[in-house]
Amino acid sequence: MKNKMTNKKFEVINKLDIANEKVGVVIVYSILITILLFSWWMFNFSEAIFKSRQPDRIIVGITALIGIILYSYYLIFCSKKSYITKVELIWMLIVAFFVRLALGRAVSGHPIDVNCFKAWMNIVSNDMLNIYEKNIFIDYLPGYLIVLALFKNIASIVSYSISEELLIKLPNIIADIAIIIMVLGLKRKFGSQLTRVESIVILFNPALIMLSSLWGQSDNFVLMLFIALFVSLVYNSHILAGCITAYLLFTKPQFILYLPLIILYWIYNLWIRNNTKDVIKQIISFGILSSALYFLFMPYKDILWLPAFFAKVAGEYPYYTVNAFNIYYAAGLNWVKIGGMYNFINLIVLAIAYILVLVQFGLGLNKTNDKIVQLKYLMQGGLIVGLLSYNFMTGMHERYAIFAWLFCLMLYLMSNDIILLSGAVVISLLSFMNISKVLDLSLSNIYFVQREFSNFLVAIANIMILIVILYVITHNLLKCKKKKV
């Protein structure tokens, strides 16, 4: 009798806890929706309130405040075992999408980048295949220009009135939502559910919001392609994997830093694992799409246009750092010309990065047939290359650490190591501090970030997180090696 009473009491308490949790969720989302509606009202009437359609520092400040509050709230108060429900996820996707739209509509974005994208979008929407024959400045590959043209033409067909600034941001805003959906699929594939913390790390990540909605850059779209490549490999969609790899190569010049990882993956499976059939599918599909894009956009009779394009992009910023808070910024070398050593230093750093990648492959893979284990070490390689290149390669921009964030997050999803999730959070917050500072100044047409103590601390923190991540990876590798022995 006593046990029955105890069980009933427990059931009552449990129901009360569930009810309180539901009330808490309703309160949280009510606050989010209130912020959203207020933001829309403020942005719609911003011209009357602020006498300008670009209330730069006010909007950046509001975004920073909202982003950090939401980010901190979930990370501090929500248990990592608190799984998100379908209803919560749908609400979060809706809120995250419209918050991005509101911010994207309010701020025109980084003046130089946005104006370039607008000009290229208008050209490729009318004359796509001849873009590289025109006598204009262009340092983007056709992959992203195709996307801009597609959105421009869709807007024209449906006759929907939308500002060009918001139009060039839409691919990246949609990409953010696609990222969380793909991460949800990966979590289910790996046998677990998406937690509230994991969803908030992506959906309300201030760095992602800053890049897609406020800056107007293409990095979020590229992150989506990276995850799509990873998903296609996990789900054995080998033809799709080859096509995505080719599209990445023709979308962002910085992908050339990570292409050797894919080549190593192919070599490993062809030469060591004899996994010929699947890899051949990837290589053939990669070759077909690459060839199609290469010859479709090739300037008249310029058969070597792509190597020349990469060489041009590599030489565009011969400075130690371009507002990236890394080791060179810490040394006071921001926008300082490096001279003839530019490419030499970068080749050395990239060589060191891939030596470390090969070492971790040698220590960890041990000729395994386990596809997930192979992909885990592929992600580790991407994290090593991302952090080393950002901190030590010259000519780095403030935005490029976000790729290291992605690889760290993917590695966490595969290993469920909370240290890696913490690392991803730290990398994204440091990126946010860097990006928001640069964007804030650019809205006033200032493109050189002075050396300040707070920025110096961010630069040191970036170096420290590199050391910590390398230690964690090495420690885990050696621990796995001992277990096998």
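The structure displayed is predicted, hence computed values, not measured ones.

### Concerning the overall build of the protein
At step 1: Check the secondary structure of the protein and you find 20 helices and 2 strands.
At step 2: Within the protein, the proportion of its 485 residues that are buried is 53%.
At step 3: A sequence separation of at least 24 residues applies to 76% of the contacts in the protein between residues at least 6 apart.
At step 4: Split by element, the accessible area of the protein, about 22100 Å² in all, is 68% carbon and sulfur.

### Regarding the pattern of salt bridges
At step 1: Applying the stated criterion across every chain yields a total of 8 salt bridges.
At step 2: Two residues, R399 and D219, come together in a salt bridge whose shortest N-O distance is 2.8 Å. Of this pair, R399 sits in the loop between strand 2 (396-397) and helix 18 (402-415) while D219 sits in helix 10 (residues 219-234), placing them 180 residues apart in sequence.
At step 3: Of the residues examined, R399 reaches a relative accessible area of 4% and is grouped as buried.
At step 4: Accessibility expressed as a relative area gives 0% for D219, which makes it buried.
At step 5: E452 serves as the salt-bridge partner of K437, at 3.4 Å between the closest nitrogen and oxygen. Taken together, the residues span a long stretch of sequence, with K437 in helix 19 (residues 418-442) and E452 in the loop between helix 19 and helix 20 (453-484) at a distance of 15 residues.
At step 6: Among the charged side chains, a salt-bridge network with shared partners connects D219, K252, E398 and R399.

### Quick look at the nonpolar core
At step 1: By size, the foremost hydrophobic cluster in this structure holds 153 residues, and its most contacted members are W405 and M410.
At step 2: Residues in contact with M410, not counting those within four places in the same chain, are V183, L186, I227, F230 and M379.

### Things to note about the side chain of E398
At step 1: Structurally, E398 can be placed in the loop between strand 2 and helix 18.
At step 2: Not counting chain neighbours up to four residues away, the residues in contact with E398 comprise W215, V322, N323, A324, Y390, N434, I435 and V438.

### Observations concerning the environment of V107
At step 1: Its location among the elements puts V107 in the loop between helix 4 (86-106) and helix 5 (111-124).
At step 2: On the accessibility criterion, V107 (1% relative accessible area) is buried.
At step 3: For the pair V107 and W215, spaced 108 residues apart in the sequence, the C-alpha separation amounts to 8.3 Å.

### Some details on the environment of V472
At step 1: Examined against the element boundaries, V472 turns out to sit in helix 20.
At step 2: The class of V472 is buried, set by a relative accessible area of 8%.

### Quick word on the packing of helix 11 (residues 238-249) against helix 13 (residues 276-296)
At step 1: Where helix 11 contacts helix 13, the two axes come as close as 7 Å, and the packing angle between them is 40 degrees. When the axes of helix 11 and helix 13 are compared, the crossing they make is right-handed. On helix 13, the residues touching H238, I239, A241, G242, C243, T245, A246, Y247 and L249 of helix 11 are D278, K281, Q282, S285, F286, L289, S290 and L293.
At step 2: Of the residues contributing to the contact of helix 11 with helix 13, the split by class is 9 nonpolar, 6 polar and 2 charged.

### What about the environment of R196?
At step 1: Considering the arrangement of structural elements, one finds R196 in helix 8 (residues 196-203).
At step 2: Exposure remark for R196: the relative accessible area of 6% places this residue in the buried category.
At step 3: Sequence spacing of R196 and Y83 is 113 residues, and the spatial spacing of their C-alpha atoms is 5.7 Å.

### Looking at the confidence of the model for the protein
At step 1: Across the protein, the average pLDDT comes to 82, with 79% of residues at 70 or higher.
At step 2: Note that residues 1-20 has pLDDT below 50 and, in this model, 0 contacts with residues that lie over four places away or in other chains.
At step 3: The model gives residues 44-56 a pLDDT under 50, and that stretch makes 22 contacts with residues more than four places away or in other chains.

### Regarding the packing of helix 8 against helix 18
At step 1: The contact between helix 8 and helix 18 brings their axes to 12 Å, and the two run at 165 degrees. In this view, helix 8 runs roughly antiparallel relative to helix 18, as classed from their interaxial angle. In the crossing of helix 8 with helix 18, the sense of the turn from one axis to the other is left-handed. Facing E198, V201 and I202 of helix 8, the residues of helix 18 in contact are W405, L409, Y412 and L413.
At step 2: For the contact of helix 8 with helix 18, the class distribution of residues is 6 nonpolar, no polar and 1 charged.

About the thresholds
Within each chain, residue numbers correspond to sequence positions counted from 1 in written order. Where totals are concerned, whole chains, interfaces and linings use all residues; where local detail is concerned, this predicted model gives features only for residues with pLDDT of at least 70, and gives and counts side-chain atom pairs only at 80 or more. Just so you know, side-chain values use all the structure's heavy atoms and leave hydrogens and water out. Elements are defined by DSSP. Helices are runs of H or I of four residues or more, strands are runs of E of two residues or more, and each kind is numbered from the N terminus. Summary of the burial criterion: residues with accessible area below 20% of their type's maximum are buried, those above 50% are exposed, and those between are partly exposed, where the area comes from a 1.4 Å probe applied to protein chains only. Two residues form a contact once any of their heavy atoms are found within 4.5 Å. Residue-level accessible areas treat just the shown protein chains as cover; the underlying method is Shrake-Rupley with a 1.4 Å probe. The working definition used for a salt bridge is a side-chain nitrogen of Lys or Arg within 4 Å of a carboxyl oxygen of Asp or Glu. Put simply, buried Ala, Val, Leu, Ile, Met, Phe, Trp, Tyr and Cys residues joined by side-chain atoms within 4.5 Å make one nonpolar core. All axes here are fitted lines through C-alpha atoms, helices being fitted over the stretch that makes contact, and every angle between N-to-C directions spans 0 to 180 degrees. By definition, turning the near helix anticlockwise from the far helix through less than a right angle yields a left-handed crossing, and turning it clockwise yields a right-handed one. Each residue receives one of three labels: charged for Asp, Glu, Lys and Arg, nonpolar for Ala, Val, Leu, Ile, Met, Phe, Trp, Tyr, Cys and Pro, and polar for the others, Gly being one of them. pLDDT measures how confident the predictor is about each residue, on a scale from 0 to 100. Throughout, the term roughly parallel applies to angles under 35 degrees, roughly antiparallel to angles over 145, roughly perpendicular to angles from 65 to 115, and oblique to all others.

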